[in-house]
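# Analysis of the macromolecular model
Now for the letters of each chain:
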Amino acid sequence: MGKIKEKTSITLAPDVLAGVDQLAGSRYSRSAIIEHVLRRYLTEQARARIQAHDLEQLNRAADELNAEAADVLDYQAF
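A brief look at the structure comes next. (Residues numbered from 1 in each chain as written. Predicted model: local features only at pLDDT ≥ 70, side-chain atom pairs only at ≥ 80, totals over all residues. Heavy atoms only, no water.)

Here the focus is the overall build of the protein chain. What the protein chain contains, in helices and strands, is 2 helices and 0 strands. For the protein chain, the C-alpha atoms occupy an extent of roughly 75 × 35 × 20 Å along the three principal directions. By residue count, 4% of the 78 residues in the protein chain fall in the buried class. Accessible surface computed for the protein chain: about 7,600 Å², of which carbon and sulfur atoms make up 57%. Within the protein chain, the 12 negative side-chain charges are centred at a point lying 20 Å from the centre of the 10 positive side-chain charges. (Helix = DSSP H or I, 4+ residues; strand = E, 2+ residues; numbered from the N terminus. Buried < 20%, exposed > 50% of the residue type's maximum accessible area, 1.4 Å probe, protein only. Areas by Shrake-Rupley, 256 points an atom, 1.4 Å probe, with all protein chains shown as cover. Lys, Arg positive; Asp, Glu negative; His and termini not counted. Charge placed at Lys NZ, Arg CZ, Asp CG, Glu CD.)

In structure tokens:
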């Protein structure tokens, strides 16, 4: 069974619409191309958010480890 889709209306610049038409060719509809591009964009944005979160956690852990290493080096200096 197919997914239920909602009809919407968007306004695009002529050059963007020409690009969509070029991608669609005679094989795909404008809607299919726009949906594909938006799904890809949304996936990339979700991935970027996850990667930013992961990087934040890694940086936090690195800061803690660097602080520990500095403490050890300070202790060894005495």
